Amino acid sequence: MIAHLFLLAMQSPDPYLLEIGAKGRVSARPLSVVATASGNTSTVDDIVQAARGHRFVFVGESHDSYMHHTLQSQIIEALAKDGRSVVVGLEMFTRPAQPNLNGWTLGWYSQAEFIAKS
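Rules used throughout
Residues numbered from 1 in each chain as written. Predicted model: local features only at pLDDT ≥ 70, side-chain atom pairs only at ≥ 80, totals over all residues. Heavy atoms only, no water. Core = buried A, V, L, I, M, F, W, Y, C linked by side-chain atoms within 4.5 Å. Buried < 20%, exposed > 50% of the residue type's maximum accessible area, 1.4 Å probe, protein only. Helix = DSSP H or I, 4+ residues; strand = E, 2+ residues; numbered from the N terminus. pLDDT = per-residue confidence, 0-100. Contact = heavy atoms within 4.5 Å. 1 Å grid on protein atoms, 1.4 Å probe; cavity = no way out; pocket = protein on both sides within 12 Å on 5 of 7 lines; lining within 4 Å. Points joined across faces, edges and corners; volume = space filled by probe spheres on them. Nonpolar A, V, L, I, M, F, W, Y, C, P; charged D, E, K, R; others polar. Arc of directions from axis to C-beta.

Some thoughts on the nonpolar core
Within the largest apolar cluster, seven residues are counted, these being Val44, Ile47, Val48, Ala51, Ile75, Ala78 and Leu79. Here this core takes four residues from helix α2 (residues 44–51), the largest share from any one element.

Put into C-alpha cells, the structure is as follows:
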C-alpha cells in the first residue's frame, strides 16, 4: 500500500482521474459528487438512498472548503430526515479528548465551555 501510494506520488496522477471505485477511471468534476461505481453525478438524495442498509457513511473534505462543509451539513441533515441516528466523528480530536466530546454531545457544556475543554 505504501509503495503504491509512493508510486502514485512519483507519477503525479491527475487528481481528476483517480483510479477509484469500479475498474477503470472515474472523472471527478468540480462542484459535483461523483459515484465511483458508475461515474455518474450524485445528489444528496442519491447518497442517502445509497446509505440505506449501511452502518457508516464516510464523507471526506478539504478542511478549509466552505462548499465541502455545506455539503457535509446537507448530507447529515438528509440522513437524519431519512430516520438515521446520526453521529458525527471528527478526526481533529485525539482520543484523550473523547470525554469532553461526550460531555458536549450530552449537552453538559455550553459552547464556550466545550471550546475551553477541547
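Let's talk about the confidence of the model for the protein
For the protein, the average pLDDT comes to 80, and 79% of its residues sit at 70 or higher. Throughout residues 1–10 the model reports pLDDT below 50, and contacts reaching past four residues in sequence, or to other chains, amount to one contact.

Describing the layout of surface pockets
Approximately 730 Å³ is the volume attributed to the second largest pocket. Around the second largest pocket, the lining comprises 22 residues; the ones closest to its centre are Val57, Val59, Val87, Val88 and Gly89. Partitioned by chemical class, the residues of the lining of the second largest pocket number 12 nonpolar, six polar and four charged.

Some details on α2
Taken as a whole, α2 has its buried residues at Val44, Ile47, Val48 and Ala51. When α2 is viewed along its axis, its buried side chains cluster within an angular range of 100 degrees and face the same direction. Residues Asp45, Gln49 and Ala50 are exposed on α2 and point more than 90 degrees away from its buried face. On its buried face, α2 is in contact with β1 (33–34), β2 (41–42) and α3 (66–81).

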